[in-house]
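# Inside the fold
The chain contents come next:
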Amino acid sequence: MNIKQRIASRWHSFRAWQEQPITYRRDEHKHVCHNCGHTFRGNYCPVCSQSARQGRVGWLTTWQGIAQLWGFESRSAVYTIWQLLLRPGYLVRDYISGKRQVSYPPVKLLFIMAAIVALAEYFFPRPAEAPVQTGIEYLNHALEWLDNHKNVSELLSCCVFILPTWLFFRKAPLYTHHTIPEGFYLQVYLAILSYIFYSILPGLKGLALALSLVYFYITYKQLFGYGYWGTFWRSLLCITFSFAFVIFITVVIIVSEVILR
Ligand SMILES: [Zn+2]
């Protein structure tokens, strides 16, 4: 096999993994549940739902207990981030279409990541940036709060895309009848990605933004299945609409402030 064929075969197996990363197999051995004593075959006890693998407390249990505190009860939180980087649109489609077990719960993941970043910043503090001064006091407070809670601000800025996404992508070939609640979860995943990029590239906001936009495009392409161009102009419309909405809200706030003064 020459190099070209080898690359092609690797690419094909990567594409297969992107489409279907996990296969499930039923454990056919007989187990006696350590919790309720029920005898069963399968991965979980059908009476009390304890895992067949749970037994006496050991070193692994201790580690799992500590990891659980941070939400990493299995490899799935780390594996979810890994999947999100390599197959974002497919992961989102799996999750919103009902395959909940392939992913760590995304909202929980976003908040756990914020806790980890806060802990890292406690030990390795970053030079504080000067807060934005808008001239409107409550707006300054709101912006300062959002600056200290970047996971929430990331999520809020992503949520602006929910409605335009529904508008332009709901008749997509690979994911028809896209709904608003599904749109929310799509944006949670995109917020996680942006949050990762902004956290690991603290001084390089432009690069983090560029990466977020590239992932926005890839995710929409994989999830909805429009062609390169079809995804591009719809994404562009989405971004334009969201941007116009943010400008509209800003103008409303400034105008109401002027009138109330
Ligand atoms: Zn049981």
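As a reminder, the structure under discussion sits directly above these lines.
An account of the accompanying structure is given in this report. (Residues numbered from 1 in each chain as written. Predicted model: local features only at pLDDT ≥ 70, side-chain atom pairs only at ≥ 80, totals over all residues. Heavy atoms only, no water.)

### With respect to the coordination of the zinc ion
Bound to the zinc ion on the protein side are Cys33 (SG), Cys36 (SG), Cys45 (SG) and Cys48 (SG), at distances that span 2.2 to 2.3 Å. Geometry at the zinc ion is tetrahedral, judged from the four donor atoms that bind it and their angles of 100 to 118° at the metal. Between consecutive donor residues of the zinc ion, the sequence gaps follow C-x2-C-x8-C-x2-C. Separated by 15 residues along the polypeptide, Cys33 in the loop between β1 (30–32) and β2 (39–41) and Cys48 in the loop between β2 and α2 (59–69) bring together distant segments of the chain. (Donors = N, O, S within 2.8 Å, 3.2 Å for Na, K, Ca; no water. Tetrahedral: all angles 85-135°; square planar, octahedral: opposite > 155°, others 65-115°. Helix = DSSP H or I, 4+ residues; strand = E, 2+ residues; numbered from the N terminus.)

### Regarding the environment of Trp145
Position of Trp145 among the secondary structure elements: in helix α6 (residues 137–148). Residues Trp145 and Phe216 lie 71 residues apart in sequence; the distance between their C-alpha atoms is 26 Å.

### A word on the side chain of Ser103
One can find Ser103 in the loop between α4 (88–96) and α5 (106–123). Assessed through its relative accessible area of 6%, Ser103 is described here as buried. With near-sequence residues (within four places) excluded, Ser103 lies in contact with Thr80, Leu91, Tyr95 and Tyr189. (Buried < 20%, exposed > 50% of the residue type's maximum accessible area, 1.4 Å probe, protein only. Contact = heavy atoms within 4.5 Å.)

### Quick notes on unusual backbone geometry
Located in the positive-phi region is Ser49, a residue other than glycine, with phi close to 70°. One can find Ser49 in the loop between β2 and α2. One non-glycine residue with positive phi stands out, namely His177, at about 55°. For His177, the location among the structural elements is in the loop between α8 (162–169) and α9 (180–200). Owing to a relative accessible area of 67%, His177 belongs among the exposed residues under this scheme.

### What about the packing of aromatic side chains?
Across all of its chains, the model carries 14 aromatic pairs by this definition. When the ring of Tyr95 is compared with that of Tyr189, the centres are 5.8 Å apart and the planes differ by 75°; the resulting orientation is edge-to-face. With Tyr95 in helix α4 and Tyr189 in helix α9, this pair connects stretches of sequence that are 94 residues apart. Tyr95 gets classed as buried once you look at its relative accessible area, which sits at 10%. When its relative accessible area of 1% is taken as the criterion, Tyr189 is described as buried. Through a chain of ring-to-ring contacts, three or more aromatic side chains come together here, namely Phe161, Phe169, Phe216, Tyr220, Phe224 and Tyr226. Taking the ring centre of Tyr228 as reference, the NZ or CZ of Lys221 above it sits at 4.7 Å. A cation sits over an aromatic face here: Arg234 above Tyr226, 3.6 Å from the ring centre. (Phe/Tyr/Trp six-rings, centres within 6.5 Å; stacked < 30°, edge-to-face > 60°. Lys NZ or Arg CZ within 6 Å of the ring centre and 35° of its normal.)

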